[in-house]
Amino acid sequence: MSKLILEIGVEEIPADYLAPAINQLKEEAKKALDAKLIGYSEISGLYTVRRFILLIDGLEDKQKDLSFEKKGPRYDIAYKDGDMTDIGKTFLAKNNINEKELKIKEEKGQKYLFIDVFEKGRPVKKVLSEILPELIRGMRFPKSMVWDDSLVTFARPIRWILCMLDTEAVHFNFGRIQSGNLTRLHKFIHDNKAVPVKDADDYLKQMVKNGIILSQEARRNEIRFNANSLLKKSGLVLMEDDDLLESLASSVESVTAMTGTFDEKFLFLPKEVIITAMREHQRYFAVSKEDGTFTNRFVNIRDGGDKNNDFIAKQHAKVLYSRLYDAEFFYKEDLKTPLENNNEKLKEAIFITGLGTMYEKMERLKMMAARSKDLFGYADPQILSEAASFSKADLMTNMVGEKEYASLRGFMGGVYLAKQGKEEKVWKAVSEHYLPNMAGDKLPSTAEGVYLSMIDKMDNIVGFYIAGFKPTGSKDPYAVRRQVLNIIYTVMEKQINLDLAFFIYENALAYKKQLGKDTDTAEIIEFFRQREINYFREKGIDYDIISSVCLGKVMNINDDFKKAEMFMEDRKDTKDFNAIVFAVSRMANIVPAKYETGKTDRSLFDAPEEGVLYDKFTAEKNAVENMIIEKRYKEAFDRIASFKPAIDEYFNKVMVMAEDITKKNNRLNMMAEIRDVFYKLADFSKIVVDRK
Amino acid sequence: MHFQDLIFTLQDFWKKKGCIIAQPYDIEKGAATFSHSTFFRSLGPKPWNAAYIEPCRRPKDGRYGENPNRFQHYYQYQVIMKPAPGNIQEMYLESLEAIGIKVKEHDIKFNEDDWESPTLGASGLGWQVWLDGMEITQFTFFQQMAGITLNPISAELTYGLERIAMYIQGVNSAFDIKWNGTVTYGDVFLENEKEYSAYNFEHADTVMLLSTLNNFYREGERLSGLNLPIPAYDYVLKISHLFNLLDARRAISIADRPSFIKKIRDLAKLCADGYMKLTNQPAENQDAKAGGK
């Protein structure tokens, strides 16, 4: 059993490329080893910003021998009158055997030629030297580059490849690089020194000894630990920021934390502005007191020892000073004029090519907000319209217009509106209307924020469809799918009672009124439907129940879900549930698909069972309908269930498809009439009934 | 280290690494990449190693000399090496040592950067180099120039001289940089910054500039039609600067921006194609070669 280490030494790879790339390498390595019949016990992967490491444990020394029967041509083609034909001879020649080694076997009544094939496994080291360069070549990144005349591509230049099988170097070429037994130590601390490696374990030991941390988790922990032990003395703690932590851990090989201070005078700025200046551009952690109070401290992570740390921290503070100085300037400038004055500038900003400006978008949001009573049952459309009219103005402020602070869109608008003394409902709605960014994310905290967020997102979705950027397969450059999921997530989490189909239709109408542009709303509705179905699947709803409730012209996801949950619960009592569903769908199924329903005529009844069922129906019809309208789905279903004995009796005694066409049609009319009422709850025929 | 000594030191360093010390090109440009020494010379198979200082103009960045870090005129120090040496990163770090920045005593970061110049149709991958939290150099492996896929690949290093000088001298304003023992950067440029800011933002005649831009564009096209890509390229530089001036005057709407940029890029492409043809470097083969594996 042998152990392999492959280390691809590179110049600094972008942080978010690393984890996906190592996972891909591991997967592909598994596939390659399996395909080559090489046994192993475990594959693992590690990385730093400057290396990808693949470790394969328990490798066998040789490929498995391969023996199998190879099928040749049919016997009656390979032989004519007992003599071998050209086809038969070719088969022998190709496989380099003589006639005596042939076997004749029958398969499905036909005779075929067969031969035994045996391939001896080659030494694994040799095979590895062939497959490893291919594995490196197969690594995929969001962007790759060429760096020399070999024209091989990788995320950044590869500078060395270490490859050892136990204590022997595995030699191969990748581009201009020759693999061997050398690794390199830390770029700054050890001057990028090349050192020989004995084997995989020796490699890991040398890395530990030299302070190079190969595991992402260990680097994360080290950053947290170093930073907090530094802060603890002053009663301070790191403000958690998982994204920043992940990105920093992916950007270093060794970890040194240092803390610096910025001028207290900047603390009057909203702390979100300061945190953004620190995290988005300088990649510093913010620091708070143990009670959560924000402070004028920051933490920087360095990769390269701790010489000169105090001086370096002061330099960082200087850079931060000039950033905060800019932020202060933007902030003060922005406060000089009312936020809404920026709306004029929105006329210069394109929304989506061919779909007018951001100003026109804002106007559409206002139009939709004005309809919020009909759309969401929201009581105060005036307030929402006002919020909509301010919602995009911050895009043109000094602060948000600056790339560095672009992520504060919405939030800054809220800050400025609050300073202007606008109503809390208004500024909060503006502040939070970009939330959520993804399913599972924070949601707007107010009803106004939720509605404005949905109106904004729907306007994007419909707009992208009109402009021809609808999501297809893997292509979705404007993240339309994510925005749809965000709306569904919001609707479900906030239990919003609305008809999404109507919402889509109204939004498309707003586009048409304003720009004269149109799209097929059915397509958008169908896209929402599919996401709704996926969402229900994830929530564990059975597929047939989804099909029975996720349909129709109205799309009220919360209603659909309530029904689905009710059916799921009822289904637990399988026997009853099946019997009821069977009885109800029996009525529906007997009505031909294209049957045009007429009126039921009581005077045409001849069997008493007809009268019994119809009387019960006419007596309870309104009750059932009301229950459905009032969303008392369980009661509605129970009431429908109470029809079961009458339905069963009916089918026992009555022949629906009677000879007499008038009677037949009358019975069909009655079946259809009952079905139409019951199916307001769900399409029972879609529910799979176990008839055992 | 005085500002001029910083320049001398870099010149001396890269001279010893085999670069010719080129001189700035005499037309306004927004970045050193626009210079002949980079734009034309990164094309085609011939090796090329050059280092040069390049004055850059970004009309919109003027602040009337009131902001210590932003100016409409500044210097870049540019190194272009083709083919990119395998140890280019080490050479770069060595150059920092040469100007007195000991890499072991500082926090140096190579931060991901996908560089792109839409006006030149150029792109590359590399890093922004940070020194103790401040960006001091753009480090790029060119992949495309004027839409042409490159082979061999050039490495481009662009040092921000003022920032480095401020850092080394420990001053908080570029205008306080000591050019030598007696003259400051402010002595040389403060008045320029004030006047040019006024010109760029307030007085530039947009009607004249726009019609000049259109005239220059036609002249560039005409010259490239006459197989004179190098003079034609002068007009790429000129219209690119005129565009920047108009932009500073807010005379170009957001909607019109892309079409202006495309105009400049198209002309740059004509120049690059013409240059490749004249120097017997078939652009098409280049594409095919570099595109394959």
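Residues numbered from 1 in each chain as written. Chains lettered and ligands numbered in written order. Predicted model: local features only at pLDDT ≥ 70, side-chain atom pairs only at ≥ 80, totals over all residues. Heavy atoms only, no water.

**Student:** Teacher, can you tell me more about the overall build of chain A here?
**Tutor:** Broken down by element type, chain A carries 26 helices and 20 strands. Over its C-alpha atoms chain A spans a radius of gyration of 36 Å, topping by over 25% the 26 Å that the globule rule assigns to 692 residues. Principal axes of the C-alpha set define a box for chain A whose edges measure 105 × 100 × 50 Å. Burial analysis of chain A (692 residues in total) assigns 52% to the buried set. A separation of at least 24 residues holds for 68% of the contacts in chain A among residues at least 6 apart in sequence. Within the structure as shown, chain A displays about 32,300 Å² of accessible surface, and the carbon and sulfur contribution to it stands at 50%. (Helix = DSSP H or I, 4+ residues; strand = E, 2+ residues; numbered from the N terminus. Rg over C-alpha atoms; globule rule 2.2 N^0.38 Å. Buried < 20%, exposed > 50% of the residue type's maximum accessible area, 1.4 Å probe, protein only. Contact = heavy atoms within 4.5 Å. Areas by Shrake-Rupley, 256 points an atom, 1.4 Å probe, with all protein chains shown as cover.)

**Student:** What's the story with the overall build of chain B in this structure? I'm lost.
**Tutor:** A count of helices and strands for chain B gives nine helices and eight strands. Taken over the C-alpha trace, chain B has a radius of gyration of 19 Å; the compact-globule value for 293 residues is 19 Å, and the two agree within 12%. Once the C-alpha set of chain B is aligned to its principal axes, its extents read approximately 50 × 50 × 30 Å. The buried share among the 293 residues of chain B stands at 57%. Across chain B, contacts joining residues at least 24 apart in sequence account for 67% of those joining residues at least 6 apart. Element-wise, carbon and sulfur atoms account for 51% of the exposed surface of chain B, whose accessible area totals about 11,900 Å². Looking at charge distribution, chain B has the averaged site of its 31 positive side-chain charges lying 4 Å from that of its 36 negative ones. (Lys, Arg positive; Asp, Glu negative; His and termini not counted. Charge placed at Lys NZ, Arg CZ, Asp CG, Glu CD.)

**Student:** It is not clear to me how the nonpolar core should be interpreted in this structure. Could you clarify?
**Tutor:** In this structure, Ile8(A), Phe52(A), Phe154(A), Ile158(A), Trp14(B) and Tyr92(B) are the most contacted members of the largest nonpolar core, which totals 142 residues. With ten residues, helix α7 (residues 229–248) of chain B is the largest single contributor of residues to this core. The residues contacting Ile8(A), other than those within four sequence positions of it, are Leu25(A), Arg50(A), Arg51(A), Phe52(A), Ile136(A), Met139(A), Phe154(A), Ile158(A) and Trp160(A). Grouped together as the second largest cluster of nonpolar side chains are 133 residues, Leu269(A), Phe390(A), Ala510(A) and Ile541(A) included. (Core = buried A, V, L, I, M, F, W, Y, C linked by side-chain atoms within 4.5 Å.)

**Student:** I keep staring at helix α5 (residues 185–203) of chain B and nothing clicks. Help me out?
**Tutor:** In an α-helix, one turn spans 3.6 residues; hence positions three or four apart end up facing the same way. The first and last C-alpha atoms of α5(B) sit 25 Å apart over 19 residues, in line with the 27 Å expected at 1.5 Å per residue. Check the buried side of α5(B) and you find it contacts α1 (3–16), β3 (73–82), α4 (161–169) and α7 of chain B. (Expected span 1.5 Å × (residues − 1).)

**Student:** Would you explain the sheet that holds strand β12 (residues 168–169) of chain A in this entry?
**Tutor:** Residues and elements named next belong to chain A. Spatially, β2-β3-β1-β11-β12 is the arrangement adopted by the five strands of the open sheet, whose pairing is antiparallel. In this open sheet, the two edge strands, each paired with only one partner strand, are β2 (42–48) and β12. Alignment of β2 against strand β3 (residues 51–59), held across seven bridges, turns out to be antiparallel. Of the residues in β3, the one forming a bridge with Tyr47 is Phe52. Sheet strands in contact with helix α1 (residues 18–35) are β1 (2–10), β2 and β3, and its direction is about 155° off that of β2. (Pairing = 2+ DSSP bridges. Axes fitted to C-alpha atoms, helices over the stretch in contact; angles between N-to-C directions.)

**Student:** Would you mind showing me how to read unusual backbone geometry here?
**Tutor:** At the junction of Leu435(A) and Pro436(A), the peptide bond is cis and its omega measures out at -10° in the coordinates. Cis rather than trans, the peptide bond between Asn151(B) and Pro152(B) has omega equal to 0°. Residue placement: Pro152(B) occurs in the loop between β7 (148–149) and β8 (155–160). Despite not being glycine, Leu151(A) has its phi angle at roughly 60°, a positive value. Relative to the elements of secondary structure, Leu151(A) occurs in the loop between β9 (145–146) and β10 (153–154). Classification of Leu151(A) by relative accessible area gives buried; the value is 10%. Look at Arg250(B): it is not a glycine, yet its phi comes out positive at around 55°.

**Student:** When you look at the domain arrangement of chain B in this model, what are you seeing that I'm missing?
**Tutor:** Buried accessible area, meaning the area lost when the parts come together, often serves as the stated size of an interface. Residue and element names in this part refer to chain B. Domain parsing of chain B yields domain 1 (3–200) and domain 2 (204–291). Between the C-alpha centres of domain 1 and domain 2 there is a distance of 23 Å. Listed as interface residues are 27 residues of domain 1 and, on the opposing side, 31 residues of domain 2. Taken together, both faces of the contact between domain 1 and domain 2 bury some 2,700 Å²; the carbon and sulfur share is 65%. (Domains from an automatic or database assignment. Buried area = accessible area lost by both parts, 1.4 Å probe.)

**Student:** I keep staring at the sheet that holds strand β17 (residues 236–238) of chain A and nothing clicks. Help me out?
**Tutor:** The pairing of strands in a sheet happens through backbone hydrogen bonds and is either parallel or antiparallel. All names here are of chain A. If you trace the four strands from one edge of the open sheet to the other, you get β17-β19-β20-β18, paired in antiparallel fashion. If you trace the sheet from one side to the other, it starts and ends with β17 and β18 (256–261), each paired once. Each adjacent strand pair in this sheet contributes to an overall mean axis angle of 35°, direction not counted. Looking at chain direction, strand β19 (residues 285–289) and strand β20 (residues 294–302) are connected through three bridges and run antiparallel. Bridge pairing in β20 places Ala286 opposite Phe298. In this fold helix α8 (residues 271–282) packs onto β19 and β20, with an angle of close to 10° to the strand it touches most, β20. Docked against the sheet, helix α9 (residues 309–336) engages β18 and β20, running at close to 50° with respect to β18.

**Student:** Quick question: what am I supposed to make of the packing of helix α6 (residues 216–232) of chain A against helix α7 (residues 242–249) of chain A here?
**Tutor:** Axes are the key here: two packed helices are described by the angle between their axes and the distance separating the axes. Residue and element names in this part refer to chain A. Packing of α6 against α7 leaves a shortest axis separation of 9 Å and a crossing angle of 115°. Along this stretch, α6 crosses α7, giving a crossing that reads as right-handed. On the side of α6, the interface is formed by Gln216, Arg219, Arg220, Ile223 and Arg224, while α7 contributes Asp242, Leu245, Glu246, Leu248 and Ala249. Considered class by class, the residues forming the contact of α6 with α7 number four nonpolar, one polar and five charged. (Left-handed = near helix turned anticlockwise from the far one by under 90°. Nonpolar A, V, L, I, M, F, W, Y, C, P; charged D, E, K, R; others polar.)

**Student:** Hey, could you run me through the interface of chain B and chain A in this one?
**Tutor:** Listed per partner, the contact involves 42 residues of chain B and 47 residues of chain A. Of the roughly 3,600 Å² buried between chain B and chain A, counting both surfaces, carbon and sulfur atoms make up 51%. The tally of links between chain B and chain A comes to four salt bridges. Arg156(A) is the salt-bridge partner of Asp114(B), the closest N and O atoms lying 3.7 Å from each other. On the surface where chain B and chain A come into contact, there are 21 residue pairs in polar contact (both at pLDDT 80 or more). Residue assignment for the side of chain B that touches chain A shows that the elements contributing at least two residues are α3 (88–98), β4 (108–117), β5 (122–131), β6 (134–145) and α9 (283–291) of chain B. (Salt bridge = Lys/Arg side-chain N within 4 Å of Asp/Glu carboxyl O. Polar contact = N/O pair within 3.5 Å; in protein donor to acceptor, adjacent residues only side chain to side chain.)

**Student:** Just checking my understanding: could you explain the environment of Lys102(B) for this structure?
**Tutor:** Among the secondary structure elements, Lys102(B) is positioned in the loop between α3 and β4. Considering only alpha carbons, one finds Lys102(B) and Gly126(B), 24 residues apart in sequence, at a separation of 22 Å.

**Student:** Can you walk me through the pattern of salt bridges in this structure?
**Tutor:** Pairs can form between side chains of opposite charge once their charged atoms are near each other. Residue and element names in this part refer to chain A. Counting across every chain of the model gives 78 salt bridges over all chains. Of the charged contacts, one joins Arg51 and Glu253 as a salt bridge, the two residues approaching to 2.7 Å between their closest N and O atoms. In this pair, Arg51 is assigned in strand β3 and Glu253 in the loop between α7 and β18, connecting sequence segments 202 residues apart. Each member of the pair, Arg51 as well as Glu253, is classed as buried. Note that Lys686 and Asp683 form a salt bridge whose closest N and O atoms lie 3.2 Å from each other. Lys686 sits in the partly exposed class, given a relative accessible area of 40%. A network of salt bridges, in which partner residues are shared, links Lys361, Arg364, Lys392, Asp456 and Asp459.

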